[in-house]
Structure formats: structure tokens, C-alpha cells
Amino acid sequence: MGTTDFLVRKDHLSTTRLTDTPDAPLADGQIRVRVDRFALTANNITYAAFGDAMNYWGFYPVAAAADAGSPQSADGQGWGRIPVWGFGTVTESAHAGVAPGEKLYGYWPMSSHAVLAPGKVSEMGFFDASPHRSTLHAVYNQYLRCNRDPFHVPGSEDLQALLRPLFITSWLIDDFLADNAYFGAAAGPQPGVMLLSSASSKTAYGTAFQLAQRTGIEVVGLTSPGNAAFCESLGCYHRVVTYDQLDQVAADSPCVYVDFAGNAELRRSIHTRFSHLKYSCSIGGTHVEELGNAKDLPGPRPTLFFAPAQVKKRTLDWGSAEFGRRMVHGWRAFTTKVTNPAAPWMTVQHHHGTDAAQAAYALVLGGRADPRVGHIVTL
């Protein structure tokens with residue numbers, strides 16, 4: 001048995017390679033997991049784009065040996081494994097608390113297998129206690145046993161892999177904005193405008209789904225002309241505006257910008273046009289080639305949203321049980337809408353093998369993926 005890894009150049013995300021490595025014996029306390037399936041979305045491109053700034057590369061670092069013979073890098077630092085969300089099955093265990101055959105949900109590498117070191121093992125799951133992950137955020141280090149996971153519904157693994165981490169981020173963005181009273185954008189006589197870029201992305205429309213249930217705000221989706229009809233069909237945006245039609249939104253609107261695109265030119269246009277921009281929230285970078293800094297922008301300084309911080313706050317505010325209950329309630333309402341047989345928001349496309357994985361990655365990286373399609377990969 002061996003492990004196949006899908007590697008990308010950290011400084012040039014379109015450059016990829018595949019490596020096959022023989023499996024080393026497990027150390028005491030470790031387990032080996034076969035990665036059965038994982039979702040590939042714009043969210044994963046964000047992980048790569050912010051891999052250094054947010055240390056996403058640190059979860060599954062590439063050993064120096066993996067770069068042997070590479071003309072671009074000889075020290076293992078040039079290549080990375082993008083983290084992905086999905087399901088795995090324990091194939092080998094040297095840990096008394098985790099048995100072979102157990103099915104797990106969590107944060108994996110783009111690989112065929114992963115080695116974890118379970119710690120804080122409970123009926124619900126465990127945390128990876130590998131030394132290199134000790135300083136990384138606990139939200140990404142947790143693995144859940146599917147037979148005890150309140151989110152898990154057998155037969156819906158594709159939907160969970162594709163939407164669960166994105167929806168959790170969406171739910172937290174909505175909660176963060178409401179928790180901060182929309183930074184004053186909804187305090188006046190007219191509704192506060194929530195401007196969501198990359199409106200066809202799953203995290204954006206998950207956020208719009210949540211925001212649309214609140215009062216005193218108008219949810220405006222910003223998108224390309226080619227995705228405008230799709231965004232309008234979702235029914236969760238009060239208005240859909242293409243990027244070249246910003247003038248359709250009044251310049252003096254009290255507003256909040258929720259930036260899912262990471263497009264520097266668009267960000268500057270919004271900061272320049274809207275004189276009552278109350279907050280600029282940066283979520284991700286789906287437009288990788290257009291990422292830019294935020295220097296010399298008028299208005300509020302763009303602030304990166306870090307979901308684990310809001311998780312920590314709400315866990316302290318409500319307690320972990322109530323936090324979990326609210327999250328599951330929101331998830332079930334969202335997936336009911338997404339899977340409505342009369343007008344489903346998404347269909348699933350499976351990609352099996354390394355060639356198919358490379359093609360799917362290039363499609364998502366290039367922003368050419370159909371917004372109605374969710375991509376599930378198995379190496």
C-alpha cells in the first residue's frame with residue numbers, strides 16, 4: 001500500500017504534481033485513514049491563496065523528500081497539500097480508542113490516505129494531536145465519528161462534504177454581522193445594504209440564505225453577467241447586480257461589503273463609490289489572479305473574517321450544546337432548500353482518479369466551474 005498526494009506549487013497554484021509514497025509503519029497512537037471522498041470548491045482555492053498568511057499549508061506539510069529532484073525547489077517548501085473537507089475510513093490503527101473500519105468526517109489533505117494521531121478521544125470523535133498541528137486552530141483539527149455526528153445523515157455524504165464547511169462559514173458570517181448590528185449600516189431609516197461579491201459561490205449564497213431571513217437589511221449579490229441568472233434563480237438575494245452595474249446601487253447607501261472574491265479592483269471600486277461603507281469584510285479569494293493588498297483604500301480597512309474566532313465567542317456566549325443545536329437547525333433548513341426537488345440549487349459531479357482530479361482542480365481554480373455543480377473527488 002502507498003499514498004498518492006496531489007501537490008500544488010504554493011507560489012503558482014496552477015502548477016501541480018502527483019507523488020506516490022510507500023506507507024511507513026504507524027507509530028504507537030497513530031491511525032491511517034483512507035480518504036474516501038472530498039469536496040473541491042472555491043473555498044479550497046481560498047485555503048491555498050491564503051496558505052501562508054493563515055498557515056493552511058501547515059496542516060499537512062510536504063516533506064522535503066517529496067521535492068527530491070524538483071528543479072524548482074529542493075527543500076520541500078515550494079509544494080503544498082491543499083486541505084479539503086470530506087470523509088475517510090480508518091484502514092489501520094495503532095490506537096486503542098479508534099478501530100479500523102470507523103468512518104470519519106473532517107479536514108484531509110488532497111491525498112489518498114492520511115495519518116493522524118488521535119487525542120482527546122470521545123464518543124463523538126477526537127482531535128489530531130500530531131505535534132506539528134499543536135499550534136493550529138482546533139476547529140480544523142477535529143474529526144467526528146459519523147455514527148455519532150448530529151449533522152450526519154447516511155447517504156448524504158456528498159452534500160455534507162460540499163456544503164457543510166461552507167455553510168458553517170456562511171452561518172458564522174451572518175451571525176457575526178448581526179452580532180455587531182451590521183456595524184451601524186441598518187441603524188438609519190433605510191435598510192442597510194449587504195453587498196456580497198462572488199454571489200454565485202456556495203459560501204456567498206449560504207450567507208445570503210441566512211441574511212435574507214433577517215429584517216432591516218437588503219441583500220445584494222454581485223456577480224458576473226454569466227452567473228446573474230443563476231443568482232436570481234436562488235431567491236435569496238433581494239437584488240442581483242453585475243460587477244459593471246455598481247451604479248445601480250445608490251452611492252450614499254449605508255452598506256457592508258462582504259468580499260468573497262478577493263478582487264482588488266472590485267474592492268477599490270466599492271470603497272471608492274460608497275461614501276457610507278460601514279465595514280469591509282474579507283472572506284476569501286475566489287479570483288486568485290486578482291488578489292491584491294488593501295493599502296490606500298478610502299473607507300474602513302478591509303478585515304479578514306476568521307470563522308474560528310466567532311465559534312469561540314458563541315461557544316462562550318451560549319455554551320457548546322446550544323451553539324451546536326443552533327448550527328444543526330440552520331444546516332437542516334439550508335439543505336432542505338438546496339435539495340428541493342422542484343428547484344434544486346446544486347447537482348453533484350464525481351471525479352475518480354488522478355487525471356480526473358487534476359481536471360476538476362483546474363476547472364475550479366480557473367473559476368470556470370458551473371455554479372450549479374458540486375465537485376466530489378476520490379484519488
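Residues numbered from 1 in each chain as written. Predicted model: local features only at pLDDT ≥ 70, side-chain atom pairs only at ≥ 80, totals over all residues. Heavy atoms only, no water.

Looking now at the packing of helix α3 (residues 157–179) against helix α4 (residues 202–211). One can describe the packing of α3 onto α4 by two numbers: an axis separation of 8 Å at closest approach and a directional angle of 45 degrees. Taken as axis vectors, α3 and α4 run oblique relative to one another. The interaxial crossing formed by α3 with α4 has right-handed handedness. Contacts between α3 and α4 pair L163, L166, F167, T169, S170, W171, I173, D174 and L177 from the former with K202, T203, G206, T207, Q210 and L211 from the latter. (Axes fitted to C-alpha atoms, helices over the stretch in contact; angles between N-to-C directions. Helix = DSSP H or I, 4+ residues; strand = E, 2+ residues; numbered from the N terminus. Parallel < 35°, antiparallel > 145°, perpendicular 65-115°, else oblique. Left-handed = near helix turned anticlockwise from the far one by under 90°. Contact = heavy atoms within 4.5 Å.)

Position of T4 relative to the elements: it lies in strand β1 (residues 2–9). On the accessibility criterion, T4 (16% relative accessible area) is buried. Side-chain polar atoms of T4 contact the side chain of D20, separated by 2.5 Å. Apart from the residues lying within four places of it in its own chain, the contact partners of T4 are L18, T19, D20, M110, S111, S112, T354 and L379. (Buried < 20%, exposed > 50% of the residue type's maximum accessible area, 1.4 Å probe, protein only. Polar contact = N/O pair within 3.5 Å; in protein donor to acceptor, adjacent residues only side chain to side chain.)

In this section: the packing of aromatic side chains. Scanning all chains against the criterion turns up 30 aromatic pairs. An angle of 85 degrees between the planes, with centres 5.7 Å apart, marks the rings of Y47 and Y107 as edge-to-face. In this pair, Y47 is assigned in helix α1 (residues 42–49) and Y107 in strand β6 (residues 103–109), connecting sequence segments 60 residues apart. We classify Y47 as buried; its relative accessible area is 5%. With centroids separated by 6.5 Å and ring planes inclined at 40 degrees, the aromatic side chains of Y205 and F334 adopt a geometry described as tilted. You can see Y205 sitting in helix α4 and its partner F334 sitting in helix α8 (residues 320–338), a full 129 residues away along the chain. The exposure classification of Y205 matches that of F334, with both residues buried. Here K120 stacks its cationic end above the ring of F127, 5.7 Å away from the centre of that ring. (Phe/Tyr/Trp six-rings, centres within 6.5 Å; stacked < 30°, edge-to-face > 60°. Lys NZ or Arg CZ within 6 Å of the ring centre and 35° of its normal.)

This brings us to empty space enclosed by the protein. Vacant regions in the atomic arrangement are exposed by a probe of water-molecule size rolled over the atoms. Tallying each qualifying case throughout the model produces 1 cavity of 30 Å³ or more. Considering only enclosed or pocket space, the largest cavity measures out at about 40 Å³ in volume. Along the walls of the largest cavity sit A39, T41, N43, N44, W85, A161, L162, P165 and L166, which together make up its complete lining. Elements supplying a minimum of two residues to the lining of the largest cavity: α1 and α3. (1 Å grid on protein atoms, 1.4 Å probe; cavity = no way out; pocket = protein on both sides within 12 Å on 5 of 7 lines; lining within 4 Å. Points joined across faces, edges and corners; volume = space filled by probe spheres on them.)

Relative to the helices and strands, S282 resides in strand β15 (residues 277–282). For S282, a relative accessible area of 11% corresponds to the buried category. Residues in contact with S282, not counting those within four places in the same chain, are D259, T303, L304 and F305.

With respect to the element layout, S122 can be found in the loop between β8 (118–119) and β9 (125–128). Taking relative accessible area as the criterion, S122 reaches 35% and is therefore assigned partly exposed. In this structure the C-alpha to C-alpha distance between S122 and L144, which are 22 residues apart in sequence, comes to 9.5 Å. A distance of 3.2 Å separates a polar side-chain atom of S122 from the backbone nitrogen of M124.

Of the residues in the protein chain, 93% have a pLDDT of 70 or more, and the chain-wide mean is 91. With pLDDT under 50 throughout, residues 65–75 is counted as low confidence; its partners more than four residues away or in other chains account for 19 contacts. (pLDDT = per-residue confidence, 0-100.)

Let's shift gears to the sheet that holds strand β4 (residues 79–80). Strand order in the open sheet made by the 3 strands is β2-β1-β4, with antiparallel pairing throughout. With partners counted over all chains shown, the strands left at the sheet margins are β2 (12–22) and β4, one partner each. Here β1 pairs with β4 via 2 bridges, running antiparallel. Bridge pairing links R9 to W79 in β4. (Pairing = 2+ DSSP bridges.)

Take the pattern of salt bridges next. Here the structure, examined in full by the defined rule, presents 21 salt bridges. Residue D179 is joined to R314 by a salt bridge in which the shortest nitrogen-to-oxygen separation is 3.4 Å. Of this pair, D179 sits in helix α3 while R314 sits in helix α7 (residues 307–318), and the two are 135 residues apart along the sequence. As a salt-bridge pair, D317 and K313 come within 2.8 Å of each other at their nearest N and O atoms. Of the two residues, D317 and K313 are both situated in helix α7; the distance of 4 residues between them amounts to about one turn of the helix. D317 sits in the partly exposed class, given a relative accessible area of 40%. Judged by its relative accessible area of 35%, K313 is partly exposed. (Salt bridge = Lys/Arg side-chain N within 4 Å of Asp/Glu carboxyl O.)

A few words now on the nonpolar core. Ranked by size, the top nonpolar core spans 90 residues in total, and within it W108, L177, M194, L196, Y237 and Y361 carry the most contacts. Looking at which element gives the most residues to this core, the answer is α3, with 10 residues. The contacts of L196, once residues within four sequence positions are left out, are A204, T207, A208, L211, V219, V220, G221, L222, Y237, V258 and F260. In this structure, L222, L246, L266 and I270 belong to the second largest nonpolar core, which totals 13 residues. (Core = buried A, V, L, I, M, F, W, Y, C linked by side-chain atoms within 4.5 Å.)

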